[in-house]
Amino acid sequence: MTSTPGAGGMPLHTKMLIGFVLGTVAGIVANLYIGEAGWLDALITYVTDPVGQIFLRLLFMLVIPLVFSALILGVVEIGDPASLGRIGVKTLVWILAVTSIAVVIGLVAVNVLQPGRGLSPEIGQQLLADTSQRAGEIANAREGVSGLQVLLNIVPRNPVAAAAEGDLIAVMFFSLMFGIAATVIRSDGTRSFVSAVQGVYDICLKLIGWVIALAPYAVAALLFSITAKLGVDVLIQLARFVGTVLLALGVHFFIVIPILLRVFGGMGPLAFFRGAQPALLTAFSTSSSSATLPTTLKVTEENLGVPRRVARFVCTLGATANMNGTALFEGITVLFLAQFFGVDLSMGQQVMILVLCIFGSIGAAGVPGGSLPVIAMILVMFGIPPEGIGLILGVDRLLDMCRTVVNIGGDMAGSVVIGRSELQYESRDGTDATAVPVDSRG
Ligand code: ASP
């Protein structure tokens, strides 16, 4: 999903679009004209399903090392007590608070608009049975687990077993604890551990790039399987999904962030959007927070007047850890696919999804499609067939561009707010009160 040329010189996202169109058209034709023929079944069972499965398995393969390394690095960077303790705490509060708001907006939108409903429950059930017996089993296994038990399960008895069972939240808890301890002990040993973890993270990013390069074929195969079974209806459902995501992203970006900026950052929306524009456009065209980082830093310092040390810390950390748009998207996608496949989720489970999306967005890499491995994992945890990812992949490029803009916007808004409070702190303290007057714009 990057805009860099693929092997054949064609941008990857164009290839994905072609895969999407080809798979969908072929699937619909098969659905309309071939129907129940035995060979079509065989084609789906032995060709298109396995191709899609390989892609999904490759994504799953990366989840544990990625989340483990990303969370440790995130905590280590936040928690450097000597130099950045105060800014670190503020950044952490900003990330958790604003990301939570984003996920709540997403969950409200998907519950109100119900974009995944519409297929008859029988088809949903049949799809569930067809596509993922395993997922169904997991769902059953999770039924009857009490709220208290869910809380207790956050703390893994055995982190290796939690990783093996794909218990993402327990792995996240373990990684956070590990990161915190690594920050507290600043020995040679922990420093080299952290740089090894950085190596793991870099390797994961490379691997994600390779896996995503396979996406056009996987999209074609997954879309063929699903439209051959369901016909045209599925496309209408997909359009509703896209509409829901864009609407929720819009609410967060054009309403919530401006309000926070005005109230806590003393900056008006026009001044912010005007200043931030180059970074927002870069985010839109690259779909990557990491690739946008140099522009984000420059713009935040020069156009938004945030002190360099604040901008550098908040934006650098934010590029991987503060992803409002991604968290919102993860929440909508998981609930959309649950609705689509007819999996009922209780209120408690939705709260769990909220928490997972917050940490999932911290653990997602700032690269195109970086959130997909995390979404795949959350789906499995709730008994929702991960094959559903195939449905959204075809339209993911557009959504990825838009959510990356929201991710970057959140980083810059956070820098403005934290920058302002640092200036106030310093002027109270009598130090460096001459820095840029953050509250004089807009
Ligand atoms: N592309 C997003 C980013 O880099 C991550 C994602 O949601 O896939 O910010």
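Everything below is about the structure shown above.
Residues numbered from 1 in each chain as written. Predicted model: local features only at pLDDT ≥ 70, side-chain atom pairs only at ≥ 80, totals over all residues. Heavy atoms only, no water.

Colleague: I'd like to hear about the overall build of the protein, residue by residue, with values.
Modeller: Per the secondary structure count, the protein includes 19 helices and zero strands. Buried positions account for 53% of the 442 residues belonging to the protein. Of the contacts formed within the protein by residues at least 6 apart in sequence, a portion of 84% connects residues at least 24 apart. As presented, the protein carries roughly 18,300 Å² of accessible surface, and 67% of it is formed by carbon and sulfur atoms. (Helix = DSSP H or I, 4+ residues; strand = E, 2+ residues; numbered from the N terminus. Buried < 20%, exposed > 50% of the residue type's maximum accessible area, 1.4 Å probe, protein only. Contact = heavy atoms within 4.5 Å. Areas by Shrake-Rupley, 256 points an atom, 1.4 Å probe, with all protein chains shown as cover.)

Colleague: Can you explain the site of the ligand? Please cite residues and give values.
Modeller: In the neighbourhood of the ligand, 16 residues make up the surrounding shell, with Ser 289, Thr 326, Asp 400, Arg 403 and Asn 407 lying closest. Take Ser 287: an N or O atom from its main chain is 2.9 Å from a nitrogen atom of the ligand. Here an oxygen atom of the ligand sits 2.4 Å away from a polar atom, N or O, in the side chain of Ser 289. When isolated, the ligand has an accessible area of 280 Å², and the protein chains bury 100% of it. Its atoms largely coinciding with the cavity grid, the ligand occupies the largest cavity. With four residues, helix α19 (residues 396-429) is the largest single contributor of residues to the shell around the ligand. Its residues placed into classes, the shell around the ligand shows four nonpolar, 10 polar and two charged. (Near = heavy atom within 4 Å. Polar contact = N/O pair within 3.5 Å; in protein donor to acceptor, adjacent residues only side chain to side chain. 1 Å grid on protein atoms, 1.4 Å probe; cavity = no way out; pocket = protein on both sides within 12 Å on 5 of 7 lines; lining within 4 Å. Sits in = over half its atoms within 2 Å of the grid points. Nonpolar A, V, L, I, M, F, W, Y, C, P; charged D, E, K, R; others polar.)

Colleague: An account of empty space enclosed by the protein is requested, with residue identities and associated values reported.
Modeller: Per the stated rule, a full pass over the model turns up one cavity of 30 Å³ or more. One number sums up the size of the largest cavity: a volume of about 80 Å³. Together, 16 residues line the largest cavity, and Met 323, Thr 326, Ala 365, Val 367 and Asn 407 are the ones closest to its centre. If you tally residues by element for the lining of the largest cavity, the top one is α19, at four residues. Per-class residue counts for the lining of the largest cavity are four nonpolar, 10 polar and two charged. (Points joined across faces, edges and corners; volume = space filled by probe spheres on them.)

Colleague: Would you mind going over the packing of aromatic side chains in detail, with residue names and values included?
Modeller: Tallied over the full model, the rule gives 12 aromatic pairs. Feature note: the residues Phe 241, Phe 329, Phe 336, Phe 340 and Phe 341 constitute an aromatic cluster, connected by ring pairs. (Phe/Tyr/Trp six-rings, centres within 6.5 Å; stacked < 30°, edge-to-face > 60°.)

Colleague: Hey, could you go over a nonpolar patch on the surface for me, with residue numbers and the actual values?
Modeller: A grouping of Leu 17, Val 21, Val 25, Val 29, Leu 32 and Tyr 33 is seen on the molecular surface, where their side chains present a nonpolar patch of about 620 Å² in accessible area. Mapped onto the elements of the fold, Leu 32 is located in helix α1 (residues 12-34). With a relative accessible area of 55%, Leu 32 lands in the exposed category. (Patch = residues over 30% accessible without salt bridge, like charges linked within 9 Å, V, L, I, M, F, W, Y side chains within 5 Å. Salt bridge = Lys/Arg side-chain N within 4 Å of Asp/Glu carboxyl O.)

Colleague: I'd love a proper account of the nonpolar core, names of residues and values included.
Modeller: Within the largest apolar cluster, 123 residues are counted, with the highest numbers of intra-cluster contacts made by Leu 168, Phe 241, Phe 272, Phe 382, Ile 384 and Met 412. Element by element, the count of residues in this core is highest for helix α2 (residues 38-78), at 13 residues. Contact partners of Phe 272, with chain neighbours within four places excluded, come to Ile 257, Leu 261, Met 267, Leu 304, Gly 409, Met 412 and Ala 413. By size, the runner-up hydrophobic cluster in this structure holds five residues, among which are Ala 30, Leu 40, Phe 224 and Ala 228. (Core = buried A, V, L, I, M, F, W, Y, C linked by side-chain atoms within 4.5 Å.)

Colleague: Describe unusual backbone geometry, listing the residues and the values that go with them.
Modeller: Not every positive phi belongs to a glycine, and Gln 114 is a case in point at roughly 45 degrees. Structurally, Gln 114 can be placed in the loop between α3 (81-113) and α4 (121-131). The class for Gln 114 is partly exposed, based on a relative accessible area of 24%.

Colleague: Please give an account of the pattern of salt bridges that cites residues and values.
Modeller: What the rule picks out here adds up to five salt bridges. With a closest N to O distance of 2.6 Å, Glu 422 and Lys 90 form a salt bridge. Of this pair, Glu 422 sits in helix α19 while Lys 90 sits in helix α3, placing them 332 residues apart in sequence. Judged by its relative accessible area of 23%, Lys 90 is partly exposed.

Colleague: Residues and numbers for the environment of Pro 156, please.
Modeller: Tracing the sequence through the fold places Pro 156 in the loop between α6 (147-152) and α7 (159-164). Look at Pro 156 and you get buried, because its relative accessible area is 17%.

Colleague: How would you sum up the environment of Ala 271? Please name residues and give values.
Modeller: Relative to the assigned elements, Ala 271 resides in helix α12 (residues 269-286). Residues Ala 271 and Asn 303, 32 residues apart in the sequence, show an inter-C-alpha distance of 9.1 Å.

Colleague: Which residues make up the side chain of Gln 350, and what are the values?
Modeller: With respect to the secondary-structure elements, Gln 350 resides in helix α16 (residues 347-363). Overall, the relative accessible area of 12% leaves Gln 350 in the buried class. Those residues within four positions of Gln 350 in sequence are excluded, and the remaining contacts are Leu 107, Asn 111, Leu 335 and Leu 345.

Colleague: Describe the environment of Gly 360, naming the residues involved and giving the relevant values.
Modeller: In this fold, Gly 360 is placed in helix α16. The spacing of Gly 360 and Ile 378 is 18 residues in sequence and 8.7 Å in space, taken between C-alpha atoms. Setting aside its immediate chain neighbours within four residues, Gly 360 contacts Met 172, Glu 330 and Val 374.

Colleague: Account for the packing of helix α13 (residues 289-302) against helix α14 (residues 308-321), with residues named and values stated.
Modeller: Taken N-terminus to C-terminus, the directions of α13 and α14 make an angle of 160 degrees; their axes are 9 Å apart at the nearest point. The angle between α13 and α14 places the two elements in the roughly antiparallel class. For the pair α13 and α14, the crossing hand works out as right-handed. Residues Ser 289, Ser 290, Leu 293, Thr 296, Leu 297, Thr 300 and Glu 301 of α13 touch α14, and the partners they reach there are Arg 308, Ala 311, Arg 312, Cys 315, Thr 316, Ala 319 and Thr 320. When grouped by side-chain class, the residues that make up the contact of α13 with α14 number five nonpolar, six polar and three charged. (Axes fitted to C-alpha atoms, helices over the stretch in contact; angles between N-to-C directions. Parallel < 35°, antiparallel > 145°, perpendicular 65-115°, else oblique. Left-handed = near helix turned anticlockwise from the far one by under 90°.)

Colleague: So what's going on with helix α9 (residues 188-213)? Which residues, and what values?
Modeller: Spanning 26 residues, α9 covers 38 Å between terminal C-alpha atoms, matching the ideal 38 Å at 1.5 Å per step. Along α9, the residues that are buried comprise Thr 190, Val 194, Val 197, Tyr 201, Cys 204, Ile 208, Val 211 and Ile 212. (Expected span 1.5 Å × (residues − 1).)

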